[in-house]
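Chain and residue survey
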Amino acid sequence: MSVSSEAEETAETLEATAEVFAMDTYISLKAYGSRGEEALDAVSTMISDLDARLSVTDTSSEIYAINAAAGTPVTVSDTTISLIQRSVEFGSTVSGALDITIYPISRTWGFTTGVYQVPTAESIVELLQYVNDDAVVVDAEASTVLVPENTEVDLGAVVKGYAGDQAVEILKEYGVTSALLNLGGSTIRALGAKPDGSSWRIAIQDPNDESGATYAGVLTVTDCAIDTSGGYERYFEEDGVTYWHIIDPSTGYPAKSGLISVTILSADSFSGDCLSTACFVMGLEDTISYWRTYGDFEFVLITEENVIYVSEGAEELFTPVNDFENAELIVVPYEE
Ligand code: AMP
Ligand code: MG
């Protein structure tokens, strides 16, 4: 091996890592190559900026301003305009299973503050009338967003996915071709392959293990967005009932669709993040028919009976592990 190719190899396999706490979670970033560190600095800055702009609880964020001014248009950045538009558009393709105006409901359950309570049925009915993303008025030309009084938006279901896409753009600008971005475990972006050319191995958390320490399976992928939604991510228990943070906008109660974990594999993580939340709400049958209609993604679904449903295109990528090694696994074909 000549000296120069050895030097090249060293540059390519040079690993840079960064940790950011943002979007209410730990984000860990890994990039390879000579400009990896610079690239991760830029990604970390972008993530913190995005969080500051889009956080629903930060009183200086654009989202907070929109909600606080309900009834009056608020001038916001193009990023916020575009994210709200894209989220509402996606919501209409899933019959409202994803609705960014769910916030008054999630707040009354305490999912945003950690001060949990089971609200009265009356208060849920009362608040549900304000859950309607069609009522959000986005004026792209004037760069304003208006929500009706008592309506509030929250991009918590989509922001990590969006950040993953932005991060990949930045990495590419720096010439990075191999990276792994883990945004709190629920959004993972694999860019390219590992520096040695092998695939990334991405674990799917065991939804039954509260500690988060064990896995249900492993996905072996290159260049892929992997988004997971699970009830185990945030929940509380009262009188023996578990209530989790993903809400069915048609009822105002935590979504009990029969699925306890939804993993989406897609080319971009914004779509994956939208889909994982929406499919968790829609359940098995609607997820399969959505997938057959729209395609463009693959899935691994785990039901409350611990049956795994894997879409045809994900079958070869997925290996169940631990408690799921002997679980029933059903491959869902493209054609009915
Ligand atoms: P994710 O972890 O991506 O599935 O997003 C869950 C987060 O999105 C929750 O913590 C809430 O902030 C918000 N959320 C919960 N249910 C919905 C829903 N049906 N549509 C939109 N956002 C939701
Ligand atoms: Mg999501």
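Scroll up a little and you will see the structure.
Let me begin by describing the structure that accompanies this report. (Residues numbered from 1 in each chain as written. Chains lettered and ligands numbered in written order. Predicted model: local features only at pLDDT ≥ 70, side-chain atom pairs only at ≥ 80, totals over all residues. Heavy atoms only, no water.)

1. Description of the overall build of the chain
The test is simple: Labels follow the DSSP assignment, with helices taken as runs of H or I lasting at least four residues and strands as runs of E lasting at least two, numbered in each case from the N terminus. For every residue, the accessible area obtained with a 1.4 Å probe (protein chains only) is divided by the maximum for its type, and the residue is called buried under 20%, exposed over 50%, and partly exposed between those limits. It only takes one pair of heavy atoms within 4.5 Å for two residues to be counted as in contact. Only four residue types enter the charge count, namely Lys and Arg as positive and Asp and Glu as negative; His and the chain termini do not. By convention, the charge on Lys lies at NZ, on Arg at CZ, on Asp at CG and on Glu at CD.
A tally of regular secondary structure across the chain gives eight helices and 17 strands. Projecting the C-alpha coordinates of the chain onto the three principal axes gives extents of approximately 75 × 50 × 40 Å. Looking at the 336 residues of the chain, the share that counts as buried comes to 51%. Across the chain, the fraction of contacts at a sequence separation of at least 24, relative to all contacts at a separation of at least 6, is 59%. Averaging the positions of the 13 positive and the 56 negative side-chain charges in the chain gives two centres separated by 4 Å.

2. Notes on the nonpolar core
One broad rule of soluble globular proteins: the nonpolar side chains tend to lie buried together. Definition in use: The definition of a nonpolar core used throughout is a set of buried Ala, Val, Leu, Ile, Met, Phe, Trp, Tyr and Cys residues joined through side-chain atoms within 4.5 Å.
By size, the foremost hydrophobic cluster in this structure holds 93 residues, and its most contacted members are Leu 29, Ile 66, Ile 84, Leu 171, Leu 219 and Phe 299. Dropping the residues within four chain positions of it, Leu 29 is found in contact with Ala 16, Thr 17, Ala 18, Val 20, Leu 40, Val 43, Ser 44, Ile 47, Leu 180 and Leu 181. Within the second largest apolar cluster, 11 residues are counted, among which are Ile 102, Ile 124, Val 131 and Phe 236.

3. Examining the side chain of Ser 276
Of note, Ser 276 is situated in helix H8 (residues 269–294). Judged by relative accessible area, Ser 276 falls into the buried class, the value being 0%. The residues touching Ser 276, leaving out its near neighbours within four places in the chain, are Asp 227, Thr 228, Ser 229, Val 262 and Ile 264.

4. Some thoughts on the packing of aromatic side chains
Here is the rule we go by: In this analysis, rings of Phe, Tyr and Trp, with Trp reduced to its six-membered ring, are considered paired at centre separations within 6.5 Å, and the interplanar angle assigns stacked below 30 degrees, edge-to-face beyond 60, and tilted for intermediate values. Here, a charge over a ring means that NZ of Lys or CZ of Arg falls within 6 Å of the ring centre while also lying within 35 degrees of the ring normal.
Counted according to the given criterion, the structure contains 16 aromatic pairs. An aromatic cluster is built from Trp 109, Phe 111, Tyr 116, Phe 236, Tyr 243 and Tyr 253, whose rings are joined through pairwise contacts. Between the NZ or CZ atom of Arg 86 and the centre of the ring of Phe 270, over which it lies, the distance is 4.0 Å. Between Lys 256 and the ring centre of Trp 244, over which it is positioned, the NZ or CZ distance is 4.8 Å.

5. Looking at the site of ligand 1
What counts here: Proximity is defined per residue: any heavy atom of the residue falling within 4 Å of a molecule or strand makes that residue near it. Two N or O atoms count as a polar contact when they lie within 3.5 Å, although within protein this holds only if one can serve as hydrogen donor and the other as acceptor, and sequence-adjacent residues are included solely when both atoms are side-chain atoms. Here, Shrake-Rupley sampling with a 1.4 Å probe gives the accessible areas, and only protein chains in the shown set may cover a residue. Each residue is assigned to one class: nonpolar for Ala, Val, Leu, Ile, Met, Phe, Trp, Tyr, Cys and Pro, charged for Asp, Glu, Lys and Arg, and polar for all the others, Gly among them.
Around ligand 1, 15 residues are found, and the nearest of them are Asp 154, Ser 229, His 245, Ile 247 and Thr 277. Interatomic distance of 2.9 Å between a side-chain N/O atom of Asp 154 and an oxygen atom of ligand 1. Within the complex, 93% of the 500 Å² of free accessible area of ligand 1 lies under protein. Within the shell around ligand 1, the residues separate by chemical class into seven nonpolar, four polar and four charged.

6. Let's talk about the coordination of the magnesium ion (ligand 2)
Definition in use: Note on donors: an N, O or S atom is included if it sits within 2.8 Å of the metal, or within 3.2 Å for Na, K and Ca, and water is never included, so sites can look incomplete.
For the magnesium ion (ligand 2), the protein coordination sphere consists of Ala 157 (O), Asp 273 (O), Asp 273 (OD) and Thr 277 (OG1), at 2.1 to 2.4 Å. Along the chain, the residues that donate to the magnesium ion (ligand 2) are spaced as A-x115-D-x3-T. Separated by 116 residues along the polypeptide, Ala 157 in the loop between strand S5 (144–146) and helix H7 (159–173) and Asp 273 in helix H8 bring together distant segments of the chain. With a relative accessible area of 25%, Ala 157 lands in the partly exposed category.

7. Looking at the layout of surface pockets
The cut-off we apply is this: Here a cavity means grid points, on a 1 Å grid over the protein atoms only, where a 1.4 Å probe fits yet cannot get out; a pocket means an open set of points with protein on both sides within 12 Å along at least five of seven lines; lining residues are those with an atom within 4 Å of a point. Grid points are joined across faces, edges and corners, and a volume is the space filled by probe spheres set on the points.
Here the second largest pocket is characterised by a volume of approximately 250 Å³. Taken together, 15 residues form the lining of the second largest pocket, with Phe 90, Asp 268, Ser 271, Leu 275 and Tyr 290 sitting closest to its centre. Mapped onto the lining of the second largest pocket, the elements with two or more residues apiece are helix H4 (78–93) and H8. It is H8 that provides the largest number of residues to the lining of the second largest pocket, a total of six residues.

8. A look at unusual backbone geometry
Of note in the backbone geometry, Ser 95 takes a positive phi value of approximately 50 degrees without being a glycine. The residue Ser 95 is located in the loop between H4 and helix H5 (103–109) in this model.

9. A few points about the pattern of salt bridges
The following threshold applies: One speaks of a salt bridge when a side-chain nitrogen belonging to Lys or Arg is within 4 Å of a carboxyl oxygen belonging to Asp or Glu.
Applying the stated rule across the entire model yields five salt bridges. Linking Asp 24 and Arg 234 is a salt bridge whose minimum nitrogen-to-oxygen distance equals 3.0 Å. With Asp 24 in the loop between strand S1 (15–22) and strand S2 (25–32) and Arg 234 in the loop between strand S10 (224–230) and strand S11 (235–238), this residue pair connects regions lying 210 residues apart in the sequence. Among the ionic pairs, Glu 62 bridges to Arg 53, the shortest N-O distance being 3.9 Å. On the accessibility criterion, Arg 53 (30% relative accessible area) is partly exposed.

10. Description of the sheet that holds strand S3 (residues 74–75)
Our working rule: Whether two strands pair comes down to DSSP finding at least two bridges between them. Note on definitions: angles span 0 to 180 degrees between N-to-C directions of axes, and those axes are lines fitted to C-alpha atoms, for helices only across the stretch in contact.
Spatially, the three strands line up as an open sheet ordered S3-S5-S4, and their pairing is antiparallel. Two strands close off the open sheet at either side, each with one partner strand: S3 and strand S4 (137–139). Note that S4 and S5 share three bridges and pair antiparallel. Within S5, the position partnered with Asp 139 by the bridge is Thr 144. Along the sheet, H4 contacts S4 and S5; its crossing angle with S4, the most-contacted strand, is approximately 135 degrees.

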